[in-house]
Amino acid sequence: MPSGGDFHTDPPNTQVHFRKRRMSYEPDATELPTDDRSVTSSNETIVAGEWAGNVIGVFTSGGDAQGMNAAVRAIVRVGMFLGCKVYYIKEGYQGMVEGKDDIVLATWESTSNTIHMGGTMIGSARCMEFKERPGRLKAAKNLVQLGITNLIAIGGDGSLTGANLFRQEWPGLLRELVDTNQITSDKLVTSSRLNIVGLVGSIDNDFCGTDMTIGVDSALHRILESVDEIMTTAVSHKRAFVVEIMGRMCGYLPLVAGISSEASMVFIPEDPPEGDWRQGLCDHIRESSKSDARRTQIILVAEGAIDRSGNSIKCSDVQRVLTERLNMDVKVTVLGHVQRGGKASAFDRIIGTRMGTEAVMALMDAGPDTPACAICLDGIDIIRTPLMKAVEMTKMVGYKMNELNFEEVVKLRGRSIRNHLFVFNLQRNIVPHPIFQRPSRKKILRIAMVHNGQPACGMNAAARGFVGMCISKGYLPLFIFESWKGLLQDKVETVEWSQVQYYTSAGGSKLGTSSETAEEIGVVRIAQKIHQHNISALIIVGGFEAFKSAYELLKGRENYQELCIPINVIPATIANNVPGCKLSLGCDTAMNNICKACDELKQSASSLQQTVYVVETGGENCGYLAMLSALASGADACFIKEEHFTIRDIYNVCKKLKNKLEFSGVRQGLVLRNENANLNLSTDFIYRVFNEEGKPQFSARQTVLGHTQTGHTASPYDRCAGIKAGCRATAWTLFTLSQCHQGGKVFTDSPSTVTVTTQTSGKESFESVEKLALRTDFVFNLPKDQWWLRLNKLLYILSWPLDIPDAASAYYRLSAGSSL
Ligand SMILES: Nc1ncnc2c1ncn2[C@@H]1O[C@H](COP(=O)(O)OP(=O)(O)OP(=O)(O)O)[C@@H](O)[C@H]1O
Ligand SMILES: O=P(O)(O)OC[C@H]1O[C@](O)(CO)[C@@H](O)[C@@H]1O
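Residues numbered from 1 in each chain as written. Chains lettered and ligands numbered in written order. Predicted model: local features only at pLDDT ≥ 70, side-chain atom pairs only at ≥ 80, totals over all residues. Heavy atoms only, no water.

Novice: Can you help me understand the overall build of the protein in this one?
Specialist: Helix and strand counts for the protein come out as 25 helices and 26 strands. For a compact globule of 820 residues, the expected C-alpha radius of gyration is about 28 Å, and the protein comes in at 28 Å, within 12% of that figure. The principal-axis extent of the C-alpha atoms belonging to the protein is close to 90 × 65 × 45 Å. Buried positions account for 62% of the 820 residues belonging to the protein. Sequence-distant contacts, at least 24 apart, represent 79% of the contacts inside the protein between residues at least 6 apart. Between the averaged position of the 87 positive side-chain charges in the protein and that of its 87 negative side-chain charges there is a distance of 2 Å. (Helix = DSSP H or I, 4+ residues; strand = E, 2+ residues; numbered from the N terminus. Rg over C-alpha atoms; globule rule 2.2 N^0.38 Å. Buried < 20%, exposed > 50% of the residue type's maximum accessible area, 1.4 Å probe, protein only. Contact = heavy atoms within 4.5 Å. Lys, Arg positive; Asp, Glu negative; His and termini not counted. Charge placed at Lys NZ, Arg CZ, Asp CG, Glu CD.)

Below you can see the structure in the form of structure tokens.
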């Protein structure tokens, strides 16, 4: 497959995949005996109690970040499931050095109702004493006394550097403690090794080796909420706003926020503007005001922004330049710690949970020669990376920054920042290709975009990405309004750049969309219209319908030559059921909306008598939205179509909820159900069973979230992913077009020219629809392989404390699969 043009390739891979433990189940078992708390059938399983005797210490250090609590919750609960003792080390390294009340045994209940909370419930600090050996000696003594030989550090690069140093010094520290009679010599054997795993929690996203750190996504939520609000007043008064964004040495937050808010300019430390930035800024603002008739200019400045000589650029400098040179009305807003505040986003809850789980597994897997590792994110996969290598690379960024070697800095920061820089620069600086200066536009190739399926956030962002890319590369972008029906009615128009202003954040589909597929409308009529409007390539944005339409058009090529053009599908649906795509546009917004609703329900339940909520989510036949939202909202159980369930399962969950509410001190329960999970075992039915059988422990309520999930405004992820997908799909389309455009004619009958954009970043991002169709269930409109199904086991481990009666039976539904 062609790679899709302008996007950069991966940096050298530093990641090491460790052996992953697996969970498995006995396929025929319906319920495990209560005394058998293990879920096992092979030697690669997670067995309840398997690691009894191990002691884990967890601490948060450096700046707090939303999502740290989700990680702590997972560490405590997975650790306890495995039979480990888990200690909270409060106030970061300070608590480790102080000991006593700062190191306390964690209980299952202490993590109840914490997954959504911002900040860190176990406190964080910056501790100077730990930077010196005597401080670390005290810390070692405190750990040894409690038998803690496994540490999970959640923090930024400083915290993880400290952890690694501590590990290296451990044998020497122990020897010194014995020699000075502070601990007994047997501890040299029982505590001989300190295993360390690092989780990167920092809103800055400044750690090399991971695509995202815990907290970044929530910080982007806070930033964009604020920028959206600033926009309304800025537009009213035709004012410019200069906004300072956190990130001492890292510009990730302003860069992504810049793409997502259509900012005019961002100043970041990694990529200072060439030449005189003051002049460049003024020229750019003058030009962009002409070309897209903006009523406002938003300029984002990283707190650590510098120019090419290393002098800092402050908001007040930018304000002065614009006021003095362009006579603009300019206001400055410093967002400050608001960015680190508030609830964790759905994404941070999920990665916190998954990374926390993986951290415990990594500790248990560690042997004497296993290097300390950091748990990182690679696309949607959670991986282990050698800690020191990642820390060294991160430190190298600092050195190169001091040397003002910005090219190296960007290289070291990795794929993610490079792709975002490319997209931001492209979008902010759309220069129409010289071809548009010709007197006639007749010879310019025409590329059309159509929306097909239910609306989803990110569709409009994709449209903006598409238009920008077409115009700058010399192709004429066309919108087909109101889907295929609109095409038949000739609702096809060329689009100017200024028309797609403020598309990025807008929910729904500005083009208008509908669920009828190409075949339902008539492939022949579509072919005729493609010919009539002289369309040379087509991008379809939407859900399963979009995929199906592309497949139908592919098959239609046999009879209609007009369809022998490049066709690409950008997956956009809250159902996440487009084959080949792991995460479609729209899902993130929907998940955040579901989490918000669940948080509010839980809150209201906490003031009522004990209550269990049954919440119905969307997702058509796909359980993704229900399952991932259940994980992110800390639900007790989830019913989805992919996991067959019976009345007995519903009854069992009810029974366990009764026990949980009676014995664990928890006051409310939450159960999610996908809308099409089962025709007969409806949400109402489950609610009624719970209401009847839950007595006297709890009463039940039901909520159907319906169209509220789709969302009015796109989440940061959907905005940025939408723009990237639009650019990427267009890059692929234009490249493919260049291969099949000869003698003024476009012709391709190769199935490889009808594809799905499966990822917004990375290399192999386009899969052929024909091949994907082989892996598709066209009866239920689902891909046959769904990566996320393996996460269901986590939900059950995290939601049932092992010491409640009957808990073990919660695990019988765990299905076989790969790693957590
Ligand atoms: N080189 C080091 N040796 C020992 N301990 C260290 C070292 N660097 C940092 N620490 C410990 O980690 C703590 C937190 O480090 P730091 O202030 O750099 O934050 P961070 O983990 O990088 O997080 P953030 O990205 O939020 O700033 C320090 O206060 C100190 O206790
Ligand atoms: O809260 P403090 O200690 O002032 O630290 C602020 C710094 O921490 C971060 O929020 C996270 O590292 C930076 O973006 C910011 O510069």
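Novice: What should I look at first to understand the site of ligand 1 in this one?
Specialist: Around ligand 1 sit 17 residues in total, of which G63, R126, C127, S159 and R248 are the nearest. Between ligand 1 and G63 there is a distance of 2.8 Å, counted from an oxygen atom to a backbone nitrogen or oxygen. Within the backbone of G158, an N or O atom sits 2.9 Å from an oxygen atom of ligand 1. Against a free-state accessible area of 620 Å², the protein chains account for coverage of 85% of ligand 1. Among the elements that take part in the shell around ligand 1, helix α4 (residues 157–179) stands out by supplying six residues, more than any other. For the shell around ligand 1, a count of residues per class yields four nonpolar, nine polar and four charged. (Near = heavy atom within 4 Å. Polar contact = N/O pair within 3.5 Å; in protein donor to acceptor, adjacent residues only side chain to side chain. Areas by Shrake-Rupley, 256 points an atom, 1.4 Å probe, with all protein chains shown as cover. Nonpolar A, V, L, I, M, F, W, Y, C, P; charged D, E, K, R; others polar.)

Novice: I tried to follow the site of ligand 2 on my own but got confused; where do I start?
Specialist: The immediate surroundings of ligand 2 are formed by R126, I203, D204, M246, G247, R248, E303, H337 and R340. The contact in question runs from an oxygen atom of ligand 2 to an N or O atom on the side chain of D204, over 2.7 Å. A distance of 3.4 Å separates an oxygen atom of ligand 2 from a polar side-chain atom of R248. Looking at the shell around ligand 2 residue by residue, the class counts come to two nonpolar, two polar and five charged.

Novice: In this structure, what is going on with the domain arrangement of the protein? I would like to understand it.
Specialist: Interface extent is often summarised as the accessible area lost during association of the parts. If you check the domain split of the protein, you get domain 1 (53–194 + 344–393), domain 2 (216–340), domain 3 (441–585 + 716–779) and domain 4 (589–712 + 791–810). A straight line from the C-alpha centre of domain 1 to that of domain 3 covers 47 Å. (Domains from an automatic or database assignment.)

Novice: I keep staring at the pairing of strand β17 (residues 611–617) and nothing clicks. Help me out?
Specialist: When a strand is regular, its side chains alternate between the sheet's two faces. The buried fraction of β17 is high, at seven of seven residues. The alternating pattern of β17 places T611, Y613, V615 and T617 and V612, V614 and E616 on opposite faces, both of which are buried. Direction of pairing for β17 relative to strand β19 (residues 668–674): parallel, over a ladder of seven bridges. From the neighbouring strand, T617 faces β19, where its bridge partner is N674. Note: β17 against strand β20 (residues 699–704), six bridges, orientation parallel. Residue V615 lies in a different strand from β20, and its bridge partner there is T703. (Pairing = 2+ DSSP bridges.)

Novice: Looking at this structure, how should I read the environment of S61?
Specialist: In this structure, S61 sits in the loop between β1 (55–60) and α1 (68–81). Residues S61 and G201, 140 residues apart in the sequence, show an inter-C-alpha distance of 8.5 Å. Excluding residues within four positions of it along the chain, S61 makes contact with M68, G92, Y93, S124, A125, I154, G155, G156 and S159. A polar contact of 2.8 Å, which involves the side chain of S61, links it to the side chain of S159.

Novice: Before we go on, may I ask you to explain the sheet that holds β19 in this structure?
Specialist: Backbone hydrogen bonds hold the strands of a sheet together, and the pairing may be parallel or antiparallel. Spatially, the four strands line up as an open sheet ordered β18-β19-β17-β20, and their pairing is parallel. Taken across any chain shown, the strands that pair with only one partner, and hence form the sheet edges, are β18 (637–639) and β20. Taking the axes of each pair of neighbouring strands and ignoring which way they run, one obtains an average angle of 20 degrees across the sheet. One ladder, built from three bridges, connects β18 with β19; its direction is parallel. Within β19, the residue paired with A637 across the bridge is V671. Those strands touched by helix α20 (residues 624–633) are β17, β18 and β19, and its axis lies near 160 degrees from that of β19. (Axes fitted to C-alpha atoms, helices over the stretch in contact; angles between N-to-C directions.)

Novice: Mind showing me how you'd approach the sheet that holds strand β13 (residues 476–480) here?
Specialist: Taking strand neighbours across the sheet as the criterion, the seven strands line up as β14-β13-β12-β15-β16-β23-β24 in an open arrangement whose pairing is mixed. The sheet is open, and its two borders are formed by β14 (492–494) and β24 (766–768), each paired with just one other strand. Ignoring strand direction, the axes of neighbouring strands in this sheet form an average angle of 25 degrees. The sheet contact formed by strand β15 (residues 535–542) and strand β16 (residues 567–571) spans five bridges and is parallel. Pairing of I540 across the sheet is with V569, part of β16.

Novice: I would appreciate a short explanation of the environment of T120 in the present structure.
Specialist: The residue T120 is located in the loop between β3 (103–105) and α3 (133–146) in this model. Once the C-alpha coordinates of T120 and M212 are considered, the two residues, 92 residues apart in sequence, prove to be 18 Å apart. Not counting residues within four places of it along the chain, the set of residues in contact with T120 comprises T60, D64, M68 and N69.

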